[in-house]
Amino acid sequence: MSRKKKWMAGFLLLVSIQLLVSCGKQPDTPDTVSLGVACYNQSDAFLSEWIDCLKKEMDGLKNEGIMTTVLIRDAAGSQRTQNDQVKEMLAAGCNVLCVNLADRTDPSEIIDLAREQDVPIIFFNREPVAEDMLQWDKLYYVGADAKQSGVMQGELAVAAIEDNSRIDRNKDGKIQYVVLEGEPGHQDAIIRTENAVETLKNSGIELEKLSFQIANWNRAQAKNRMQQLISQYQNEIELVLANNDDMALGALDAYETFNHTESALPVFFGIDGTKAGLLAVTEGRLSGTVYHDKEGQAEVIAKLSAALVLGEGMDEIPFENERYIYLPYQKVTLENVTDFD
């Protein structure tokens, strides 16, 4: 056989193999969205409910033909632990990270780890400082406007005070109040407190602050702090403003420990609209809370995660300033609490 004929035979064989492979090729399967979720502390009631919502939304993507996996890790309040957990999630093949920072001022190591492997990060609930969000163009934030939650809590308290003169039990024309705040220096905690108090003052409510206590978003700590305040101030406290529902419920627990009569209780306000918080509003134990839209945030994060992996759908995400997504809070009272069940 001549060299030319050998070459032609080889070429035809190669073409035949390619045709056979091409005919037998199966349709491409959908890319898998492998989401690594790093939580600051899953003992936080709101965060625990938030994660349940996210799992549900990620499962829902399967109805659209998108395969998903979710790997969740709890840092128990330690940024160092969270950094190690992010390394583990990247090694496991996660192609999107969803990070609830243990320390919102210290995201740099996580950002560096993700950037090295070109894995985008969606921060949620605990917003990094603006400068850190500029470290890379694949950083996003999903949450809510802390100022709005503080203003709404203040508005709820104003409405209650104006509607019920008995809240001012000592009839001195002032409302004696205490604040139960989240972590020291935490942006949302500071903003919630400042705006709740300012809203009351701007509405013409005269206030007298008795005490300010840090309870780290925790119900048991809030109970302990409140027991100390009750021992110190007895029946002087007329209003309790808590940065979240768990701390408001802890304050209620403290009063129940001392067996105070209903007429001696202050009014209590929380933020988040957790299941326990909503139940307490239904029962009339909390005068109100501010609903933090965990369902909406989870839905947006699921859609954003899919868009980042699949490369389509980013134009459907409601961004502010290209990186941020804020969902609104809503006021909850006895009159509308059933809307949030």
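Everything below is about the structure printed above this text.
Let me begin by describing the structure that accompanies this report. The structure displayed is predicted, hence computed values, not measured ones.

1. Quick word on helix α10 (residues 275-282)
When α10 is considered as a whole, its buried residues turn out to be G277, L278, A280 and V281. Angular distribution of buried residues about the axis of α10 spans 160°; they occupy a single face of the element. Check the buried side of α10 and you find it contacts α9 (245-257), β10 (289-291) and β12 (330-332). Taken from the residues just after α10, G284 is the one with a positive phi, measuring 80°.

2. Quick look at the pairing of strand β2 (residues 67-74)
The pairing of strand β1 (residues 32-39) with β2 spans eight bridges and is classified as parallel. Residue pairing across strands places T32 opposite M67, the latter belonging to β2. For the handedness criterion, the β-α-β arrangement of β1, helix α2 (residues 45-60) and β2 is classed as right-handed.

3. Considering the nonpolar core
One broad trend across soluble globular proteins is that nonpolar side chains are buried collectively. Membership of the largest hydrophobic core comes to 60 residues, with the highest contact counts inside it found for L54, M226 and I237. Sequence-distant contacts of I237, that is, excluding residues within four places in its chain, are made with R169, Q176, V178, L210, M226, L229, Y255 and P266. Of all hydrophobic cores here, the second largest spans 23 residues; its members include L156, A160, I205 and Y329.

4. As for the sheet that holds β2
Read across the sheet, six strands follow the order β2-β1-β3-β4-β5-β11 without closing on themselves; strand pairing throughout is parallel. Pairing within the sheet leaves two strands with one partner each, and these edge strands are β2 and β11 (324-326). Strand-to-strand, the axes of this sheet are offset by a mean angle of 20°, without reference to chain direction. Across four bridges, the pairing between strand β4 (residues 121-124) and strand β5 (residues 139-143) is parallel. Looking at β5, one finds that I121 is bridged to L139. Against the sheet, α2 makes contact with β1, β2, β3 (96-99) and β4, and its axis sits at roughly 180° relative to β1, the strand it touches most. Here helix α4 (residues 108-116) sits on the sheet and contacts β3, β4 and β5; the angle it forms with β4, its principal contact strand, is near 155°.

5. Looking at the packing of α2 against helix α11 (residues 294-310)
Where α2 meets α11, the closest approach of the two axes is 8 Å, and the angle between their N-to-C directions is 45°. Relative to α11, α2 is oriented oblique. When you trace α2 past α11, the crossing you get is right-handed. Across the interface between the two elements, F46, E49, W50, C53, L54, E57 and M58 of α2 pack against K294, E295, Q297, A298, E299, I301 and A302 of α11.

6. Some details on the sheet that holds strand β8 (residues 239-242)
Spatial strand order, β7-β6-β8-β9: four strands in an open sheet with parallel pairing. Looking at strand neighbours, the two that pair on one side only are β7 (207-214) and β9 (267-269), the edges of this open sheet. On average, each strand axis in the sheet is inclined to that of its neighbour by 20°, with strand direction left out of account. Across the sheet, helix α7 (residues 187-202) touches β6 (175-181), β7 and β8, and the angle it forms with β6 is around 165°. Where α9 meets the sheet, its contacts fall on β6, β8 and β9, and the angle it forms with β9 comes to roughly 155°.

7. Describing unusual backbone geometry
A negative phi angle is the norm for most residues apart from glycine, just as the trans form is the norm for most peptide bonds. Non-glycine residue K171 carries a positive phi angle of around 55°. Positionally, K171 belongs in the loop between α6 (146-163) and β6. What makes K171 exposed here is its relative accessible area of 56%. Not every positive phi belongs to a glycine, and E322 is a case in point at roughly 70°. Note on placement: E322 falls in the loop between α11 and β11.

8. A few points about empty space enclosed by the protein
One pass over the structure, following the stated rule, counts one cavity of 30 Å³ or more. Approximately 150 Å³ is the volume attributed to the largest cavity. In this structure, the largest cavity is lined by 13 residues; those nearest its centre are D44, N125, R192, W217 and D272. Counting residues per element, the ones that place at least two in the lining of the largest cavity are α2 and α7. Looking at the lining of the largest cavity residue by residue, the class counts come to four nonpolar, four polar and five charged.

9. Structural notes on the side chain of D272
Here D272 lies in the loop between β9 and α10. The contacts of D272, once residues within four sequence positions are left out, are F46, R192, N244, D245, T289, V290, Y291 and H292.

10. Points about the packing of aromatic side chains
If you walk through the whole model with that rule in mind, you get seven aromatic pairs. Ring centres of Y141 and Y326 lie 6.1 Å apart, and the angle between their planes is 55°; this geometry places the pair in the tilted category. Within this pair, whereas Y141 is found in strand β5, its partner Y326 is found in strand β11, the two being separated by 185 residues in sequence. By relative accessible area, Y326 is classed as partly exposed at 27%. Taken together, Y141, Y324 and Y326 form an aromatic cluster joined through their ring pairs. When the ring centre of Y40 is taken as origin, the NZ or CZ atom of R126, which lies over that ring, is 3.9 Å away.

The rules behind these values
Residues numbered from 1 in each chain as written. Predicted model: local features only at pLDDT ≥ 70, side-chain atom pairs only at ≥ 80, totals over all residues. Heavy atoms only, no water. Buried < 20%, exposed > 50% of the residue type's maximum accessible area, 1.4 Å probe, protein only. Helix = DSSP H or I, 4+ residues; strand = E, 2+ residues; numbered from the N terminus. Arc of directions from axis to C-beta. Contact = heavy atoms within 4.5 Å. Pairing = 2+ DSSP bridges. Right-handed = clockwise from strand over helix to strand, strands pointing away. Core = buried A, V, L, I, M, F, W, Y, C linked by side-chain atoms within 4.5 Å. Axes fitted to C-alpha atoms, helices over the stretch in contact; angles between N-to-C directions. Parallel < 35°, antiparallel > 145°, perpendicular 65-115°, else oblique. Left-handed = near helix turned anticlockwise from the far one by under 90°. 1 Å grid on protein atoms, 1.4 Å probe; cavity = no way out; pocket = protein on both sides within 12 Å on 5 of 7 lines; lining within 4 Å. Points joined across faces, edges and corners; volume = space filled by probe spheres on them. Nonpolar A, V, L, I, M, F, W, Y, C, P; charged D, E, K, R; others polar. Phe/Tyr/Trp six-rings, centres within 6.5 Å; stacked < 30°, edge-to-face > 60°. Lys NZ or Arg CZ within 6 Å of the ring centre and 35° of its normal.

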